[in-house]
Amino acid sequence: MYSIFQSVMPADYEKLYKMPERFSKGVPAICLICKAERQYASDSKGNLLKHYQQKHPRELNEHLVSAANVSAVGQTQIDLTESGITTTAKPFVNQKEVEISIARDLCAKGSLPLTIVEKPFFRQFLNTIQPKFKHITYRTNLKNITNEAVRIKSFTIEEFRKTKRRPNVTVDCWTAQNGKAYLGCNGHFFDSAGKSLNVCLFLAELPPPHTSANIRLKFEEELENYDVEPYRIITDNAANMKSAFSTRIFTTVEEDENTIDVFTVESHFPVPSSTVELEGTWNGCCAHLLQLVVKDGMKEARNYPALIRAIEKAHKISVLSKQSTHFKYDLDFCIPKANVTRWNSELLLLQHLIDNSVSVNSALEDQHSELILRHSELESLKKLCHILTFFKEGTDILQGEQYATFSKIIPTIQQLENALMSHVVCQEATEACIGAIRQRLLNSLRARFGFLKRCPIFVIASALDPSIKLDFTEEDIDIVSGHRNFMFDKTRAYRTCFDFLRHKVPESMSVSVVDTEEIPEKIMRRSEETQ
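Here the structure is a predicted model, which means the values were calculated and not measured. (Residues numbered from 1 in each chain as written. Predicted model: local features only at pLDDT ≥ 70, side-chain atom pairs only at ≥ 80, totals over all residues. Heavy atoms only, no water.)

Draft legend 1. Inspection of unusual backbone geometry at higher detail. In this structure, the amide linkage connecting proline 208 to the following residue, proline 209, adopts the cis form with an omega of 0°. You will see that lysine 35, though not glycine, has its phi angle at about 60°, which is positive. Here lysine 35 falls in the exposed class, since its relative accessible area comes to 57%. If you check the backbone angles, serine 111 has positive phi at about 60° while not being a glycine. Mapping serine 111 onto the fold places it in the loop between α4 (95-109) and α5 (120-129). (Buried < 20%, exposed > 50% of the residue type's maximum accessible area, 1.4 Å probe, protein only. Helix = DSSP H or I, 4+ residues; strand = E, 2+ residues; numbered from the N terminus.)

Put into structure tokens, the structure is as follows:
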């Protein structure tokens, strides 16, 4: 009877007894009918129920009937008979689905803490939505999120093995707040239906020292557990990461009756023009590489004290807006802070100050007049921001998450080069400092992305993109004045793509090899006739 009573009315003892405000051992509960005192425990009130069953059964039955009438319909079925009380509690049918959704959607995807399931406000929220939901603890939530992660990972890896292809992997290393370093690796591939999938292959602690040899060794040890051989490895441009994955790999390609040994190494090494196999090579993150170009350009600004003073003023104003309550009160907006590790944050700071220069200078007049941005300083910052905006737009394109970015690299770099050499930018760069920064950015862009001319895989990716095709070749670009470094020959681009398709497309697909040989020759003859 004790368990039945608890399931029907777990918190209704206050209607039957005069309970103390707080439980204290030795302090009894007093019956509201006969004033009898009964002892009870904090986790067991069977003694209180037994008293009502023996002394006041009629009042107990009336109380249970009343509790049943106000309870949720269908939650509990009560049958009061002469032999006693029988109940059948119907559990919440979607209990497990809601638990998994909390772990997967709120904690994993929404980044909410696992302990939220124990917070009173969250439990009250769930009670409002579904009173029949049985609340869970932190440990149960941790178990659910672990099991769901294992399930999703196993499913994704199984889908990958069905494709029988080698995935691209992205690798990164960072230090947590506890001072420990971790190495993470994500795999990216297309399933049999052409849907893009990714999976975290491993996240492992990386003991010091963080040399290239240790990083490569840890990477290979963890990857052996999944029997996965990567096609391409993408990392940032840190020296240890580049050295770890820039290893020489020899493969063989069958071409007609001849067997060709293909030497592949990192992108900075030349690759024969007839070679289109680039398996196992390393690629640096091009969005990160763009930020290194911007960093090179800002180093040039150090040679011009006037521009540096204007930039330093902007940084001091940003710090002042966080520290001075008077200055913060005079402004009706927040000023962003430049962060070394956050891309384009300095550009956003300068743009924000330029757009709100009148309000900022007005707030600085009383106590911080030395930080007021003069007209000449604002003009220099405007021209600098105009140049850096091109790199912000290029970075946003290359770090997109909803589309494939590999094919966007060549067109983006071409557009950046054209923008830096355009007539408008050259006119704005009449100042010595802006002109020097523009030239430094252009030189750094050509130096850091020079591998695009030597790596056919980038040409192939852009040519096979339906939104780009061969629009990046020199015949299809409106050339403005000046030399262009990132120009590609259309005939060579055709031949590279056809060689790649001849090796990669299965024999079951109808691809004419004769056409792939004739088309470049026709284009060459047409080009000669035009000349």
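Draft legend 2. Region of the structure containing helix α12 (residues 345-355). Among all positions in α12, only Ser345, Leu347, Leu349, Leu350, Leu353 and Ile354 are buried. In this structure, the buried residues of α12 make contact with α10 (305-323), α13 (357-364) and α14 (375-398). (Contact = heavy atoms within 4.5 Å.)

Draft legend 3. Quick peek at the packing of helix α9 (residues 286-301) against helix α17 (residues 432-448). Where α9 meets α17, the axes come as close as 8 Å, and the angle between the chain directions of the two elements is 145°. Pair α9 / α17 crosses with right-handed handedness. Side by side, α9 and α17 meet where Leu289, Leu290, Leu292, Val293, Val294, Asp296, Gly297, Lys299, Glu300 and Ala301 of the first sit next to Ala436, Ile437, Arg440, Leu441, Ser444, Leu445 and Arg448 of the second. Split into classes, the residues belonging to the contact of α9 with α17 amount to ten nonpolar, two polar and five charged. (Axes fitted to C-alpha atoms, helices over the stretch in contact; angles between N-to-C directions. Left-handed = near helix turned anticlockwise from the far one by under 90°. Nonpolar A, V, L, I, M, F, W, Y, C, P; charged D, E, K, R; others polar.)

Draft legend 4. Main features of the state of the cysteines. Tallied over the full model, the rule gives zero disulfides. This cysteine, cysteine 185, is not joined by any disulfide, and cysteine 200 carries the nearest cysteine sulfur, 7.7 Å off. Under the relative-accessibility criterion, cysteine 185 is labelled buried at 0%. (Disulfide = S-S within 2.5 Å.)

Draft legend 5. Expanded view of the side chain of asparagine 344. Position of asparagine 344 relative to the elements: it lies in the loop between α11 (325-330) and α12. Overall, the relative accessible area of 12% leaves asparagine 344 in the buried class. With near-sequence residues (within four places) excluded, asparagine 344 lies in contact with Gln291, Lys392 and Thr395.

Draft legend 6. Just the packing of aromatic side chains, in detail. With the rule as written, the count across this model stands at seven aromatic pairs. When the centroid spacing of 6.4 Å and the interplanar angle of 35° are considered together, the rings of phenylalanine 122 and phenylalanine 125 count as tilted. Linking phenylalanine 122 with phenylalanine 125, this pair stays in helix α5, spanning three residues, or about one helical turn. According to the relative accessible area criterion, phenylalanine 122 is buried, its value standing at 7%. For phenylalanine 125, a relative accessible area of 47% corresponds to the partly exposed category. (Phe/Tyr/Trp six-rings, centres within 6.5 Å; stacked < 30°, edge-to-face > 60°.)

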